[in-house]
Amino acid sequence: MTNDTSASLIDKLGRKYLWWRPVDGLPFSEDRIVAQIMNLGTYDDVLQLEAALGHAHLADIMLRAEPGWFSDRSWEFWRGRLSFAMGAELPDKALRRDFHAATL
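The model shown is predicted, which means the values in this text are computed figures rather than measured ones.

Novice: Kindly report on the packing of aromatic side chains, identifying the contributing residues and their values.
Specialist: Enumeration according to the criterion identifies four aromatic pairs in this entry. Ring centres 6.1 Å apart and planes at 85 degrees place the aromatic pair Trp 20 and Phe 28 in the edge-to-face group. Measuring from centroid to centroid gives 5.3 Å for Phe 77 and Trp 78, while their planes differ by 85 degrees, and the two rings are edge-to-face. A relative accessible area of 1% places Trp 78 in the buried class. An aromatic cluster is present here, built from Trp 19, Trp 20 and Phe 28 joined pairwise through their rings.

Set out below in structure tokens:
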């Protein structure tokens, strides 16, 4: 986190997009909050997030995202948007959990 304005924005938008309590009772990580805003946020929220955190920070969030944090649609939106803005490649697909019936 770089400044109080960014922290305030993440806190405000986090309450809007993470309305449930974490299973373990601990607060959500900043990465989780930002990923949820990226996944579900309105275009106005996206613009605010980009201005507050910058493209490189958002790309880092994508690379550290846990399986299920991004829908395929949101991943593709952000992958295209950030790849274009930064001139860097991001993975084609978001991480997904993988279950094999043979191991169950």
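Novice: Could you give an account of the pattern of salt bridges, naming the residues involved and the relevant values?
Specialist: Across all of its chains, the model carries five salt bridges by this definition. Its salt-bridge partner being Arg 64, residue Asp 31 comes within 2.8 Å of it at the nearest N-O pair. One end of the pair, Asp 31, is in helix H2 (residues 30-40); the other, Arg 64, is in helix H4 (residues 55-64), and 33 residues separate them in sequence. The residue Arg 81 makes a salt bridge to Glu 50 at a minimum N-O spacing of 2.5 Å. With Arg 81 in helix H5 (residues 72-86) and Glu 50 in helix H3 (residues 43-53), this pair connects stretches of sequence that are 31 residues apart. Judged by its relative accessible area of 23%, Arg 81 falls in the partly exposed class.

Novice: Describe H5, naming the residues involved and giving the relevant values.
Specialist: With 15 residues, H5 ought to run about 21 Å at 1.5 Å a step, and its terminal C-alpha atoms sit 21 Å apart, in line with that. For H5, the complete set of buried residues consists of Ser 74, Trp 75, Trp 78, Arg 79, Leu 82 and Ser 83. Each buried residue of H5 sits inside an arc of 145 degrees when the element is viewed along its axis, so together they form one side. Facing away from the buried side of H5 by over 90 degrees, the exposed positions are Arg 73 and Phe 84. Buried residues belonging to H5 abut H2, H3 and H4.

What counts, and at which threshold
- Residues numbered from 1 in each chain as written.
- Predicted model: local features only at pLDDT ≥ 70, side-chain atom pairs only at ≥ 80, totals over all residues.
- Heavy atoms only, no water.
- Phe/Tyr/Trp six-rings, centres within 6.5 Å; stacked < 30°, edge-to-face > 60°.
- Buried < 20%, exposed > 50% of the residue type's maximum accessible area, 1.4 Å probe, protein only.
- Salt bridge = Lys/Arg side-chain N within 4 Å of Asp/Glu carboxyl O.
- Helix = DSSP H or I, 4+ residues; strand = E, 2+ residues; numbered from the N terminus.
- Expected span 1.5 Å × (residues − 1).
- Arc of directions from axis to C-beta.
- Contact = heavy atoms within 4.5 Å.

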